[in-house]
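The primary structure of each chain is shown beneath.
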There are 4 protein chains.
Amino acid sequence: MKIIIYTTGGTIDKVYFDQKSEYQVGDPQANGVLERANVVLDYVVESIMKKDSLDFTDEDRELIRRKVESSSFERIVITHGTDTMIATAKVLKGISDKTIVMTGSMYPAQFRDSDAVFNIGCAVTAAQTLGPGVYIAMNGCIFMPDHARKNVEKNRFEEQTDNKAG
Amino acid sequence: MKIIIYTTGGTIDKVYFDQKSEYQVGDPQANGVLERANVVLDYVVESIMKKDSLDFTDEDRELIRRKVESSSFERIVITHGTDTMIATAKVLKGISDKTIVMTGSMYPAQFRDSDAVFNIGCAVTAAQTLGPGVYIAMNGCIFMPDHARKNVEKNRFEEQTDNKAG
Amino acid sequence: MKIIIYTTGGTIDKVYFDQKSEYQVGDPQANGVLERANVVLDYVVESIMKKDSLDFTDEDRELIRRKVESSSFERIVITHGTDTMIATAKVLKGISDKTIVMTGSMYPAQFRDSDAVFNIGCAVTAAQTLGPGVYIAMNGCIFMPDHARKNVEKNRFEEQTDNKAG
Amino acid sequence: MKIIIYTTGGTIDKVYFDQKSEYQVGDPQANGVLERANVVLDYVVESIMKKDSLDFTDEDRELIRRKVESSSFERIVITHGTDTMIATAKVLKGISDKTIVMTGSMYPAQFRDSDAVFNIGCAVTAAQTLGPGVYIAMNGCIFMPDHARKNVEKNRFEEQTDNKAG
């Protein structure tokens, strides 16, 4: 089964530059994660942008949507910053015949206890097993964009249960 | 969604005892993996046995089958040694109304570059997204027991494509 | 042998807050490093401040000097940001009867490939084996403050060989 | 300062072979440790043998002694299994004009929480700062061969304080 992993930046790809005493979005970490996992999966990694998701504009989201819509792949993972992942997921709704799974991480992939490896494992699996639609694979669960929220205090995604959902 | 993770030993749970200069199956590593991933999943980890899968007897496999059959959970992950994972998977075929996903790892979970975290991410996702049946989640793919083989040289699971399958 | 580890912040203690999409100086990492190394050393860790060393003022350096001078310990390690470690080392010169070893790291201790564990190993050893004086233990070497420089491009400390030293 | 690191095997270099469900002494891990630490140290790594130290014979120790005696380096680190490190250290006593520091680890270097990186940091520092003699750098301390013991229960080296020392 062929899947493509589009990377857009976010915490998962943040690396540290001692030189500038700061964190910046670096190269996609998904490659290294999938190599170390020694996957037999037929996959491609393509970087669309390298941004903190708080800085995403409407144009950025439209660019991602166009990329996904015009992609020759039917099974797609998108790595994305966690802060506005849900907003981008909503923009991707309604694309037909494609399984789109968004993921990211709360800690940079280069951290020893990062959730990145686990989350990418979840996302590539969901992309292979779920039918067409847009999903968020975070914290061990699959969320629908209209029923997910980021709980900032607990530093995790949760089911959105109140009436405001949708 | 509630899932149970039955652990049976294997490389994934191997720890090192300098004292005896040897590796032994230790406590289930799945707990630590799921805690570090900060999952919101409703899960339980239960140890059935702690054995190298090369040492599994027919009785061991029957015990695992009885455990799974009588389980109140419908979504089940089983961590297992890689050498005879496929054999155990075949013994579990035919259990109705349960999604059973087997996984393990080529390197102990305590290794810095272990595939254990990735594989457990894949397995808990598959257990939530797939319908009833027995599956193997290894190396980023979902295999059916009758069409999987362990490629010992390449140290990975692959699709079994020849006629001998089944 | 008793040693004290004074922590002052810097990259070594930087942790990541996804919530704020930023890195901040957190609690001292030296404790965890020494625990995992299972040291039999008789040591104490004490936090003096939690700052990026680029933000250090003359007052901060005077505070560190007073702390060291008045310490009851003769063997002292100081963890410090790398950008102004040499400046602080120079301020500490001339304290009699104390072995003072400064260290830090180019990557936060929580990174999987951080140099923090190695550098702390070097520093606690130098603090036990060297005579009174001020030293910098970085990149596997022991530097004298007047003959050290941080090579920003190569992201490492080096011997300062030109005439401007001192 | 130039140092040589002779490797002889032991837990520090143990890697895991899923294929054989066992641990074996593999290639020297010191290279990777020193590369990741980005050392500016002028060093060479040379493998003398690849054995579990419990399997060392008198001939093996004589070979190590000859290697060290005839070495053109004056500052020498030897990585060695922990079980008989002290015995080998005693065989190396009396070599003049060389600083010889033995180290190893309780957990293989490839483990995420291994003590290998810390111990190698300690050993290369001790090799640069101490005068001629034979030392053991383990668990954050420098031991003299006649006054060290491995505490098997606590899984660490300690000072040998009773009269039997020597």
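Where an unreviewed UniProt entry is consulted, chain A appears under the name L-asparaginase/GlutRNAGln amidotransferase subunit D, with the organism given as Desulfocapsa sulfexigens.

Before going further, it helps to examine the overall build of chain A. Looking only at helices and strands, chain A features four helices and 10 strands. For chain A, the sequential pattern of α-helices and β-strands runs β-β-β-α-β-α-β-α-β-α-β-β-β-β. Taken against the 2.2 N^0.38 rule, which gives 15 Å for 166 residues, the C-alpha radius of gyration of chain A at 15 Å falls within 12% of a compact globule. Each principal axis of the C-alpha distribution contributes one length, and for chain A these read about 45 × 40 × 30 Å. Buried residues in chain A amount to 60% of all 166 residues. Restricting to contacts in chain A with at least 6 residues of sequence separation, those with at least 24 account for 63%. Within the structure as shown, chain A displays about 6,600 Å² of accessible surface, and the carbon and sulfur contribution to it stands at 43%.

According to the stated counting rule, one finds three cavities of 30 Å³ or more in the structure shown. In this structure, the largest cavity spans a volume of roughly 800 Å³. As for the largest cavity, its lining consists of 45 residues, of which A:R112, B:R112, C:F111, C:R112 and D:R112 are closest to the centre. Broken down by secondary-structure element, the contributors of at least two residues to the lining of the largest cavity are α1 (30-36) and α4 (116-129) of chain A, α1 (30-36) and α4 (116-129) of chain B, α1 (30-36) and α4 (116-129) of chain C together with α1 (30-36) and α4 (116-129) of chain D. For the lining of the largest cavity, the leading source of residues is α4(A), giving three residues.

What holds strands together in a sheet is hydrogen bonding between their backbones, with the strands either parallel or antiparallel. All names here are of chain A. Strand order in the open sheet formed by six strands is β4-β1-β5-β6-β7-β8, with mixed pairing between adjacent strands. Looking at which strands have only one partner, the edges of the open sheet turn out to be β4 (42-51) and β8 (141-143). Strand-to-strand twist in this sheet, taken as the mean axis angle between neighbours without regard to direction, amounts to 25°. Where strand β6 (residues 99-103) and strand β7 (residues 133-138) come together, four bridges link them in parallel fashion. Looking across to β7, one finds that M102 is bridged to I136.

Quick look at the relation of the copies chain A and chain B now. For these two chains of identical sequence, chain A goes onto chain B by a turn of 180° and a shift of 0.0 Å along the axis, with RMSD 0.0 Å. Here the two chains are linked by the operation of a two-fold rotation axis. A symmetric contact is evident, with 100% of the interface residues of chain A recurring at the interface of chain B.

Moving on to the sheet that holds strand β1 (residues 2-9) of chain C. Residue and element names in this part refer to chain C. Within the open sheet, the six strands sit side by side as β4-β1-β5-β6-β7-β8. Their pairing is mixed. Unpaired on one side and paired on the other, β4 (42-51) and β8 (141-143) mark the two borders of the sheet. Each strand axis lies, on average, 25° off the axis of its neighbour in the sheet, ignoring direction. In this sheet, strand β5 (residues 75-79) lies alongside β1 in parallel orientation, the contact comprising four bridges. For I4, the partnering residue across the bridge sits in β5 and is I76.

This next bit is on the side chain of C:T79. Residue and element names in this part refer to chain C. Relative to the elements of secondary structure, T79 occurs in strand β5. You can call T79 buried: its relative accessible area is 3%. Excluding residues that lie within four positions of it along the chain, T79 makes contacts with I5, Y6, T7, T8, G9, I12, D13 and T103.

In the predicted model, chain A carries a mean pLDDT of 93, and 94% of its residues have values of at least 70. Two numbers describe this predicted complex: its pTM, 0.89, and its ipTM, 0.94.

Our next topic: the interface of chain A and chain B. With 31 residues of chain A at the contact, the number on the chain B side is 31 residues. Summing both partners gives a buried area of about 2,300 Å² for chain A against chain B, and 66% of it is carried by carbon and sulfur. Joining chain A to chain B, the criterion identifies two salt bridges. Among the salt bridges present, the one from B:R36 reaches A:D113, with a minimum N-O distance of 3.9 Å. Taken together, the links from chain A to chain B amount to nine residue pairs in polar contact (both at pLDDT 80 or more). Those elements that provide at least two residues to the side of chain A that touches chain B are α1, α4, β8 and β10 (156-159) of chain A. Considering every element that reaches the side of chain A that touches chain B, the biggest residue donor is α4(A), with 10 residues.

Conventions we followed
- Residues numbered from 1 in each chain as written.
- Chains lettered and ligands numbered in written order.
- Predicted model: local features only at pLDDT ≥ 70, side-chain atom pairs only at ≥ 80, totals over all residues.
- Heavy atoms only, no water.
- Helix = DSSP H or I, 4+ residues; strand = E, 2+ residues; numbered from the N terminus.
- Rg over C-alpha atoms; globule rule 2.2 N^0.38 Å.
- Buried < 20%, exposed > 50% of the residue type's maximum accessible area, 1.4 Å probe, protein only.
- Contact = heavy atoms within 4.5 Å.
- Areas by Shrake-Rupley, 256 points an atom, 1.4 Å probe, with all protein chains shown as cover.
- 1 Å grid on protein atoms, 1.4 Å probe; cavity = no way out; pocket = protein on both sides within 12 Å on 5 of 7 lines; lining within 4 Å.
- Points joined across faces, edges and corners; volume = space filled by probe spheres on them.
- Pairing = 2+ DSSP bridges.
- Axes fitted to C-alpha atoms, helices over the stretch in contact; angles between N-to-C directions.
- Least-squares fit on C-alpha atoms with pLDDT ≥ 70 in both.
- pLDDT = per-residue confidence, 0-100.
- Buried area = accessible area lost by both parts, 1.4 Å probe.
- Salt bridge = Lys/Arg side-chain N within 4 Å of Asp/Glu carboxyl O.
- Polar contact = N/O pair within 3.5 Å; in protein donor to acceptor, adjacent residues only side chain to side chain.

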